[in-house]
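One letter stands for each residue in the lines below.
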2 protein chains.
Amino acid sequence: MVRALKYAILGLLSQESCSGYDLSMALSGALQEFWSANHSQIYPELKRLSEEGLVDYQVEISGNVLERKVYSLTEAGRADFLEWLHREEDIASPPKDVFRLRMFFANEMEPERRRDLIAHELTLHRERLARLRGKREQFAVPPEPSSPALGDYMVLTGAVRREEASCEWLSWCLTVLDGAATDTEEKGNENV
Amino acid sequence: MVRALKYAILGLLSQESCSGYDLSMALSGALQEFWSANHSQIYPELKRLSEEGLVDYQVEISGNVLERKVYSLTEAGRADFLEWLHREEDIASPPKDVFRLRMFFANEMEPERRRDLIAHELTLHRERLARLRGKREQFAVPPEPSSPALGDYMVLTGAVRREEASCEWLSWCLTVLDGAATDTEEKGNENV
DNA sequence: CGCGACATGTAAGCAGTTACATGATTAT
DNA sequence: ATAATCATGTAACTGCTTACATGTCGCG
């Protein structure tokens with residue numbers, strides 16, 4: 001994956017200097033819709049980036065003794081990030097998806113169980129979609145193309161679209177399996 | 001990922017006994033839209049499955065000396081596969097996506113370059129979509145829910161939906177960045 | 001005083017990619 | 001002949017997850 005985490009970290013630091021803990025929160029919070037990482041991956045990566053001279057840090061004390069390393073981009077780090085950001089990369093291979101792998105073998109499932117599994121998956125994706133739509137509604141108006149909120153807004157919209165597509169597909173699966181084989185080009189949006 | 005490759009292999013073998021090479025072709029061919037694996041991962045996994053008693057094989061000779069190990073499911077293998085197939089699993093975390101990670105930092109890109117990168121990505125996804133639609137059109141009519149073609153048809157439809165959503169999102173990104181901030185609930189399907 | 005959030009790290013192991021390594025068969 | 005495809009394996013490395021390990025701070 002050619003060190004994607006490295007650039008996720010550099011990118012976040014380019015917006016604001018922060019600690020490993022803060023990065024960990026970001027990568028299991030807002031960004032989590034398209035990139036995630038645990039602290040056990042972040043701390044070693046920060047150490048490495050520091051050794052590579054792409055970031056540096058100063059130790060702050062919260063309270064009396066609790067140490068907090070606040071990382072910031074070096075010039076080299078910012079240059080490296082911007083080079084990556086503007087690079088043209090090949091299209092990624094389609095994402096792996098265990099649920100779809102199982103659906104590939106759908107004909108070997110017991111019909112009732114199959115229906116339940118799909119219905120359950122649909123419920124979970126609808127919940128995720130509702131949560132994403134809620135977050136998206138917090139943007140009253142699209143941000144300026146130069147504002148840091150732009151990326152947030154764009155990827156959030158992408159995540160909503162992705163979940164809509166999942167929900168549509170799962171709804172369609174249910175109708176196909178009910179024998180009511182409907183036109184595949186149906187609108188289907190009432191299911192979302 | 002709790003040994004997804006194991007079940008991909010068991011599932012394929014439940015449809016038809018075949019060699020590691022055949023599995024390798026399947027996992028870099030038809031199934032590739034939602035699961036993939038290289039031969040360097042498949043051969044060791046087959047060895048392990050054999051040791052676990054979930055598959056067995058017989059050596060066939062193609063031509064004069066070329067050996068070909070044809071694997072088939074054992075009873076234990078079939079039972080293990082069916083148990084997995086009917087298991088209710090948690091929803092997967094959202095798939096990682098490097099392009100979207102980059103778009104999260106879109107405000108730091110040079111506007112023209114940004115436009116080019118998105119337009120290029122859109123072209124690639126449109127190509128993938130066209131290829132998937134072509135494959136899907138080979139199904140004149142939806143397969144019977146008990147036929148082995150069912151899974152194929154279902155996941156192919158899901159892949160089409162996924163790519164449509166990607167194309168719609170990328171088109172939308174272009175219009176947003178052009179300053180012509182349009183309603184986010186627009187149909188947008190003329191872009192796909 | 002206890003709980004949840006803040007804060008930082010390491011270790012073991014699994015999954016997956018790229019590269020190394022070899023050789024036979026078939027079609028042009 | 002030679003290139004593409006068939007066929008099977010191993011080694012080294014990267015990325016990621018789960019678990020181990022420790023301790024502070026602020027609030028109720």
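Quantities reported herein were computed from a predicted structural model and do not represent experimental measurements.

A.B. asks: What am I meant to see in the side chain of A:Thr157 here?
C.D. replies: Within the secondary structure, A:Thr157 is located in helix H7 (residues 149–177). With a relative accessible area of 5%, A:Thr157 lands in the buried category. Excluding residues within four positions of it along the chain, A:Thr157 makes contact with A:Arg136, B:Trp169 and B:Trp172.

A.B. asks: Honestly, the relation of the copies chain A and chain B in this entry has me stumped. Any pointers?
C.D. replies: In this structure, two copies of a chain are linked by a rotation about an axis accompanied by a shift along it. Of the transformation superimposing chain A on chain B, the axial component is 0.0 Å and the angular component is 180 degrees, with the fit at an RMSD of 0.1 Å. These values place the two chain copies in the arrangement generated by a two-fold rotation axis. Of all interface residues in chain A, 100% are interface residues in chain B too; the two copies therefore contact each other through one and the same surface.

A.B. asks: Would you mind going over the environment of A:Phe99 with me for this structure?
C.D. replies: Residue and element names in this part refer to chain A. Mapped onto the elements of the fold, Phe99 is located in helix H5 (residues 98–104). Distance in space between the C-alpha atoms of Phe99 and Gly63 is 47 Å, their sequence separation being 36 residues. Excluding its chain neighbours within four sequence positions, the residues that come into contact with Phe99 are Leu117, Ile118, Glu121, Trp169 and Leu170.

A.B. asks: Would you explain the nonpolar core in this entry?
C.D. replies: If you look at soluble globular proteins, the nonpolar side chains tend to sit buried side by side. By size, the foremost hydrophobic cluster in this structure holds 54 residues, and its most contacted members are A:Leu27, A:Met154, B:Leu101, B:Met103 and B:Ile118. Take this core: its biggest share by element is 11 residues, from helix H7 (residues 149–177) of chain B. Excluding its chain neighbours within four sequence positions, the residues that come into contact with A:Leu27 are A:Leu5, A:Ala8, A:Leu12, A:Gln32, A:Trp35, A:Ser36, A:Ala37 and A:Ile42. Core analysis: the second largest hydrophobic core is formed by 53 residues, A:Trp172, A:Cys173, A:Leu174 and B:Trp84 among them.

A.B. asks: How do you make sense of the interface of chain A and chain B when you look at a structure like this?
C.D. replies: Put simply, an interface is often sized by how much accessible area is lost when its parts join up. Tallying the contact residues gives 76 residues for chain A and 76 residues for chain B. The tally of links between chain A and chain B comes to 4 salt bridges. Residue B:Glu168 pairs with A:Arg161 through a salt bridge whose shortest N-O separation is 3.4 Å. Taken together, the links from chain A to chain B amount to 29 residue pairs in polar contact (both at pLDDT 80 or more). When residues of the side of chain A that touches chain B are traced back to their parent elements, those giving at least two are helix H1 (4–15), helix H4 (75–85), H5, helix H6 (111–136) and H7 of chain A. The dominant element in the side of chain A that touches chain B, judged by the number of residues it contributes, is H7(A), at 17 residues. Tallied by class, the residues present in the side of chain A that touches chain B amount to 39 nonpolar, 16 polar and 21 charged.

A.B. asks: Looking at this structure, how should I read the protein's contact with DNA strand D?
C.D. replies: Residues in contact with DNA strand D amount to 25 residues; listed here are only the nearest, A:Ser40, A:Asn64, A:Val65, B:Tyr21 and B:Lys69. A distance of 2.6 Å separates a base oxygen of DNA strand D from a polar atom in the side chain of A:Ser40. Broken down by secondary-structure element, the contributors of at least two residues to the surface near DNA strand D are helix H3 (39–51) of chain A together with helix H2 (20–26), helix H3 (39–51) and strand S3 (66–73) of chain B. By residue class, the composition of the surface near DNA strand D is 8 nonpolar, 11 polar and 6 charged.

A.B. asks: Would you take a moment to explain the environment of A:Leu150 for this structure?
C.D. replies: Positionally, A:Leu150 belongs in helix H7. The class of A:Leu150 is buried, set by a relative accessible area of 0%. Those residues in contact with A:Leu150 that sit more than four places away from it in its chain are A:Pro143, A:Glu144, A:Pro145, B:Ala106, B:Asn107, B:Arg114 and B:Leu177.

A.B. asks: Explain the packing of H7(A) against H7(B) here, please?
C.D. replies: Contact pair H7(A) / H7(B): the axes reach a minimum separation of 9 Å and the direction vectors enclose 155 degrees. Here H7(B) runs roughly antiparallel to H7(A), going by the angle between their axes. Here H7(A) runs over H7(B); the crossing is right-handed. Its residues assigned to classes, the contact of H7(A) with H7(B) shows 18 nonpolar, 4 polar and 4 charged.

A.B. asks: Even after reading the chapter, I still don't get the protein's contact with DNA strand C, so can you show me in this structure?
C.D. replies: As a matter of local geometry, DNA strand C sits amid 24 residues, with A:His39, A:Lys69, B:Asn38, B:Ser40 and B:Asn64 nearest to it. Counted by atom, the contact set of DNA strand C within 4 Å of the protein is 66% sugar and phosphate. One of the backbone nitrogen or oxygen atoms of B:Asn64 is found 2.6 Å away from a phosphate oxygen of DNA strand C. In this structure, B:Val65 approaches DNA strand C through a main-chain N or O atom, which is 2.9 Å from a phosphate oxygen. When contributions to the surface near DNA strand C are tallied by element, the ones reaching two or more residues are helix H2 (20–26), H3 and strand S2 (66–73) of chain A together with H3 of chain B. The residue makeup of the surface near DNA strand C, split by class, is 7 nonpolar, 11 polar and 6 charged.

A.B. asks: Can you help me understand helix H6 (residues 111–136) of chain B in this one?
C.D. replies: Each turn of an α-helix holds 3.6 residues, which means side chains three or four residues apart point in the same direction. Counted at 1.5 Å a residue, the expected span for H6(B) with its 26 residues is 38 Å, and the 37 Å between its end C-alpha atoms agrees. Buried-residue contacts for H6(B) involve H4 and H7 of chain A together with helix H5 (98–104) and H7 of chain B.

A.B. asks: I would appreciate a short explanation of the domain arrangement of chain A in the present structure.
C.D. replies: All names here are of chain A. For chain A, the assigned domains read domain 1 (4–86) and domain 2 (98–188). When each unit is reduced to the centre of its C-alpha atoms, the spacing between domain 1 and domain 2 is 32 Å. The interface of domain 1 with domain 2 comprises 4 residues on the first partner and 8 residues on the second. Around 430 Å² of area is buried between domain 1 and domain 2 when both sides are counted, 45% of it from carbon and sulfur atoms. It is Ala30, Glu33 and Phe34 that lose the most area in domain 1 upon contact with domain 2, and together they represent 85% of the buried surface on that side. Run the count over domain 1 and domain 2 and you get 2 salt bridges. For the salt bridge of Glu33 with Arg162, the shortest nitrogen-to-oxygen distance reads 2.6 Å. Inspection of the domain 1/domain 2 interface yields 2 residue pairs in polar contact (both at pLDDT 80 or more). Residue composition of the side of domain 1 that touches domain 2, by class: 2 nonpolar, 1 polar and 1 charged.

The rules behind the values
Residues numbered from 1 in each chain as written. Chains lettered and ligands numbered in written order. Predicted model: local features only at pLDDT ≥ 70, side-chain atom pairs only at ≥ 80, totals over all residues. Heavy atoms only, no water. Helix = DSSP H or I, 4+ residues; strand = E, 2+ residues; numbered from the N terminus. Buried < 20%, exposed > 50% of the residue type's maximum accessible area, 1.4 Å probe, protein only. Contact = heavy atoms within 4.5 Å. Least-squares fit on C-alpha atoms with pLDDT ≥ 70 in both. Core = buried A, V, L, I, M, F, W, Y, C linked by side-chain atoms within 4.5 Å. Salt bridge = Lys/Arg side-chain N within 4 Å of Asp/Glu carboxyl O. Polar contact = N/O pair within 3.5 Å; in protein donor to acceptor, adjacent residues only side chain to side chain. Nonpolar A, V, L, I, M, F, W, Y, C, P; charged D, E, K, R; others polar. Near = heavy atom within 4 Å. Axes fitted to C-alpha atoms, helices over the stretch in contact; angles between N-to-C directions. Parallel < 35°, antiparallel > 145°, perpendicular 65-115°, else oblique. Left-handed = near helix turned anticlockwise from the far one by under 90°. Expected span 1.5 Å × (residues − 1). Domains from an automatic or database assignment. Buried area = accessible area lost by both parts, 1.4 Å probe.

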